Every structure is written in structure tokens, then in C-alpha cells.
Amino acid sequence: MNMVALIQKKKDGKALQREEIQWIIDGYVAGSIPDYQISALLMAICFQGLDKEETFALTEAMRDSGDTIDLSPINGIKVDKHSTGGVGDKTTLVVAPLASACGVPVAKMSGRGLGFTGGTVDKMESIPGFRTTLEPSEFLAQVNAIGMAVIGQTAHITPADKKLYALRDVTATVDNFGLIASSIMSKKLAAGSDAIVLDVKVGDGAFMENLEDAVTLAKLMVEIGNSAGRRTVAAITEMGQPLGKAVGNSLEVIEAIETLKGNGPADITELALKLSGIMVYLGGKASSLEEGMEKTRAALTDGRGLSQLRRFIAAQGGNEAVVDDYSLFPQHTVEKKLTAETSGYVHRIEARCIGLASQHTGAGRATKEDTVDLSAGVYVHRKVGDAVQAGEVLATFYGNDEAKVDAAAAEASKAFTIGTDPVEAPKLIKEIIGLETEWN
Ligand code: URA
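Here's what I pulled together on the structure shown here. (Residues numbered from 1 in each chain as written. Predicted model: local features only at pLDDT ≥ 70, side-chain atom pairs only at ≥ 80, totals over all residues. Heavy atoms only, no water.)

Check the secondary structure of the chain and you find 16 helices and 13 strands. With the principal axes as the frame, the chain shows a C-alpha extent of 65 × 45 × 40 Å. In the chain, which comprises 440 residues, the proportion classed as buried is 56%. Taking as baseline every contact in the chain between residues at least 6 positions apart, the subset at least 24 positions apart corresponds to 78%. Charge separation in the chain, taken as the distance between the mean sites of 44 positive and 58 negative side-chain charges, equals 2 Å. (Helix = DSSP H or I, 4+ residues; strand = E, 2+ residues; numbered from the N terminus. Buried < 20%, exposed > 50% of the residue type's maximum accessible area, 1.4 Å probe, protein only. Contact = heavy atoms within 4.5 Å. Lys, Arg positive; Asp, Glu negative; His and termini not counted. Charge placed at Lys NZ, Arg CZ, Asp CG, Glu CD.)

Following this line, the structure appears as C-alpha cells:
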């Protein structure tokens, strides 16, 4: 095969064959096809698109470019949960304990934060002693012993996606449905769970800024998962404002703990119950979504979810006393407040802006190599729809560097819009896709 001819074919709007896609991915990972040719192909894909067959083939070629995890030694139907990324999204730390407390084994790999979005691995590392790397045998044994484990993605999963994603990032070729769907789903398929719940975020703090695009992406990912034999359901959820109130690593873990204690913000609580309810249903522990949600609500109310979080922290070497004593988390030394200039109602809180502010405090990274300040971040005191009086605190910024915290406050001052009329909070869960699919 000839790479120049394949680039030309895609540039002319023709579909690539499965074998051609496989050849390109194999050659790219092996180093025989250079970045500049893949860049040209990616740009042609952005203009001409990928059809479903091409998207399925690309997903499978990337899945098979590295290790695939065999979770068969774990008993039961393993269900994974994946968020397309947002600001303040700590749902994994609530959803995984709730689902596993209801008998669904959760064997999950998570990522780190980049840019204005956070990552579960960084959040977990704010727990003193917590290990985000486990040997494969330890990972499997832990899930069989306590029902859940969450680790960082291993280096050997989907190397093709790692290389491609890095290239897409610097060639303005991230925003294509087929490329995004195949990138996410190749990792999910390689990670080995039997069923997958996708949380597709929509809004200015997400990849997909409008509902139509989010639905298109969600449908494509559900089709990829189902056609690969993994029952897949997607929830389309609000990311126009941050999820919950805490943004930043230890702040978010504390909010997840509070949520499992029954004191969480309404949105994170509702989302966690819905997503874990879907997991319980897909995991065969409930005969409907409603029953799944009743079970996860019971696990929240009677404290089984919180007990499961304690067990999980201890199993991965973390100090489980953090659940009762938040002073054990890394501490900030600098704090600054942003207050409302006028009275009224919060009309808008731009999630992306709050995410950037959190990054400025030191909680996020601009490049993969940056280290993060685990104590830093933003706490949003008022959410969309809340009434506010002039002079009241809208957000607090935490960190260990005065200049960084000042920069964060300056960034976030653009995030809030206060209006005189009352407004409704935006609908949190917009749509659920794939629940109706027949499955045996
Ligand atoms: N997240 C991914 O893993 N890949 C993409 O292409 C976009 C978001």
C-alpha cells in the first residue's frame, strides 16, 4: 500500500477500506509512516469525514495496537463509566463506590487532567499514600476482593491513540466526530469491561458545545460499543457551568466524600445516582433503570457507598482517615475571594473560564509534563439560578502562590453573569441514548 495514495483517496472524499486503515495504524505505531503524512490524512479526515465502517475499523485498529485487558478473572458483569471531560467532574469517585456497593464490579482505568479539564488520577493522588498504579494481578484481585479498583491507564494500552491524539492536539484535528469517538472507544474497548456507561458532556466546558453535536457523538460511540459486543449507554449531561461546586483535586475529593455522606450539591448527587443506576441495570443487578436508581439511592442513604469508598482508599494504600478529617489532605496557604458587584440572580457561570481559573491556581496543567498543586482550585459558592446580593462571595480561589491565585481570580471574574430576572437552573441530564437497545 502507498500512504500518498491513501491520503489522496481520503482527500477525494472516498472511504478507506478496513485493511487500509489497519495498515496505516500499524505503520504509524511501528514508525514507518511519519507524522507529516498522518497529519495530512487527519486534516483530510476533518474535511471529508469518516463513515461508520471506517470509524469502526479505526477504533478496532487502535484498540488492537497495544494490550487489551482481560477482566474475565473478575466475577460478574463488569461495567465501566467514562466522562468525555469537564470542569468539576468528580462523578467517578461517587459513582464507582455506589455501583460496586450494589454488587457491580468496577475495574476502571482513568486519566489525568489536561488544560481546563481535570482527571480522576490527579484527584485520587491528593489522598495521602494512594497508589494509582497497581500490577495487573493486584488490580484483578482487588476488584474480586472489594468490588472496585481505579487506576491510571497503563502505558501499553492503545499506543496508536496516544500518538494520534498528541498529533491531533498540535495540528488542529481534534474536532472530528469519527476521530473523537474512535479515540475514546478504542481505550474503553481495550480496558475490557462488559458494559460501558458514557457521560457525554455538553456546554462551553466540554468538547461538544451544542446538544446536536453531543447527541451525534453519543450515538456514534454507543453504536461502536454495541457493535463490538459491549452493551453501551450514553447520558448527555450539562457542562455549561461546573459540576458541583468544587474544582481542583483535593477539593473535588472532599466534595465526592460529602456527596457520599448525603451532603453533596444537588447536581452531582443527581448525576451520580443516575449514572450508577444505569451501571447497576447494565450490570444485571436491577431489572430496570428505575430499580437500579432505587438501589443506588439506598446505598447512598444507608452509607454503604461511603463504606465502599473507605475500603477502596485503604485497598490502594491511601489513608482512609481523610474521609473523616479533611485536614489530612494537602493544604493551601493562599486564599482569595471574588464577590458579586450587583444583586440579582446568577444567569451564567462559564465552565471553561472556571476550569482555566482552576488551572491558573496550579490545580491543572498546561502540558502533560507540568506538576499540579493538589491543594489548589476554585470553590463556586453560587450556581446558575441562585439569588445573590452585592458583596456576597461568588467563588473562592485556593493555592500556594499569591500571583497564581490572583491570576485565577482575574480569569474567573469573567465567568459570572448576574441578571435581574430569576432564571431556572439548566437541565442536568438532557438525554439518555442506548437504554432501549435489546440485549441478551
Ligand atoms: N478524549 C479522548 O480520549 N479522545 C478524543 O479524541 C477526545 C477526547
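Let us look at the sheet that holds strand β12 (residues 416-419). The strand order across the open sheet built from three strands is β10-β8-β12, with neighbouring strands paired in antiparallel fashion. Of all the strands in the sheet, just β10 (387-388) and β12 have a single pairing partner and so form its edges. Pairing analysis gives two bridges linking strand β8 (residues 344-349) to β10, with the strands arranged antiparallel. In the strand pairing of β10, Tyr-345 is matched with Ala-387. (Pairing = 2+ DSSP bridges.)

Let's shift gears to the nonpolar core. One finds Phe-312, Ile-313, Ile-354, Val-378, Phe-397 and Phe-416 to be the most contacted residues of the largest nonpolar core, which totals 76 residues. Counting residues per element, this core draws most heavily on helix α12 (residues 266-282), at nine residues. Not counting chain neighbours up to four residues away, the residues in contact with Val-378 comprise Lys-245, Ala-246, Val-247, Leu-251, Ile-354, Ala-357, Ser-358, Ala-395, Thr-396 and Phe-397. (Core = buried A, V, L, I, M, F, W, Y, C linked by side-chain atoms within 4.5 Å.)

So, on to helix α16 (residues 402-412). For α16, every residue scored as buried is listed here: Val-405, Ala-408, Ala-409, Glu-411 and Ala-412. Along α16, the residues classed as buried sweep out an arc of 160 degrees about the axis, all on the same side. Of the exposed residues in α16, those oriented more than 90 degrees away from the buried face are Glu-402 and Ala-403. For α16, the elements touching its buried residues are β7 (334-339), α15 (351-361), β11 (393-399) and β12. Its side-chain oxygen at 3.0 Å from the backbone nitrogen of Ala-403, Asp-401 defines the N-terminal cap of α16. (Arc of directions from axis to C-beta. Polar contact = N/O pair within 3.5 Å; in protein donor to acceptor, adjacent residues only side chain to side chain.)

A few words on the site of the ligand. Taken together, the neighbourhood of the ligand is formed by Tyr-165, Arg-168, Ile-180, Ser-183, Ile-184, Lys-187 and Phe-207. Within the contact set of the ligand, an oxygen atom lies 2.9 Å away from a side-chain nitrogen or oxygen of Arg-168. In isolation the ligand exposes 240 Å². Once the protein is present, 90% of that is buried. Mapped by element, the contributors of at least two residues to the shell around the ligand are α8 (159-170) and α9 (177-190). (Near = heavy atom within 4 Å. Areas by Shrake-Rupley, 256 points an atom, 1.4 Å probe, with all protein chains shown as cover.)

This next bit is on the pattern of salt bridges. Pairing between side chains of opposite charge can happen when their charged atoms approach one another. For the coordinates displayed, the defined rule picks out 28 salt bridges. Taking the shortest distance from any N to any O, the salt bridge between Asp-302 and Arg-304 comes out at 2.9 Å. Judged by its relative accessible area of 36%, Arg-304 is partly exposed. Several salt bridges converge on common partners, so that one network encompasses Arg-112, Asp-122, Glu-125 and Arg-365. (Salt bridge = Lys/Arg side-chain N within 4 Å of Asp/Glu carboxyl O.)

What follows covers the sheet that holds strand β9 (residues 377-380). Pairing between the strands of a sheet is mediated by backbone hydrogen bonds and can be parallel or antiparallel. Across the sheet, which stays open at both edges, the four strands sit in the order β6-β9-β11-β7 with antiparallel pairing between neighbours. Looking at the sheet topology across the chains shown, the edges are occupied by β6 (246-247) and β7. Here β9 pairs with β11 via four bridges, running antiparallel. Counted as the bridge partner of Gly-377 is Tyr-398 from β11. Where α15 meets the sheet, it contacts β6, β9 and β11, and its direction lies at approximately 140 degrees from that of β9. (Axes fitted to C-alpha atoms, helices over the stretch in contact; angles between N-to-C directions.)

Applying the stated criterion across every chain, the model contains two aromatic pairs. Ring geometry for Phe-130 and Phe-312: centres 5.4 Å apart, planes at 65 degrees, overall edge-to-face. Of the two residues, Phe-130 is situated in the loop between α6 (120-125) and α7 (136-146) and Phe-312 in helix α14 (residues 304-315); the sequence distance between them amounts to 182 residues. The residues Phe-130 and Phe-312 share a single accessibility class, namely buried. Measuring from ring centre to ring centre gives 6.4 Å for Tyr-326 and Phe-329, while their planes differ by 45 degrees; the resulting arrangement is tilted. Across the ring face of Tyr-28, the terminal group of Lys-163 is positioned such that the distance to the ring centre comes to 4.3 Å. Taking the ring centre of Tyr-165 as reference, the NZ or CZ of Lys-187 above it sits at 5.5 Å. (Phe/Tyr/Trp six-rings, centres within 6.5 Å; stacked < 30°, edge-to-face > 60°. Lys NZ or Arg CZ within 6 Å of the ring centre and 35° of its normal.)

What follows covers unusual backbone geometry. For residues that are not glycine, phi is negative in most cases, and the peptide bond is trans in most cases. For Thr-158, which is not a glycine, the phi torsion comes out positive at approximately 40 degrees. With respect to the helices, strands and loops of the structure, Thr-158 is situated in the loop between β3 (148-152) and α8. A relative accessible area of 0% means that Thr-158 is categorised as buried. Of note, Ala-172 is a non-glycine position whose phi angle comes to about 55 degrees, a positive value. With respect to the helices, strands and loops of the structure, Ala-172 is situated in the loop between α8 and α9.

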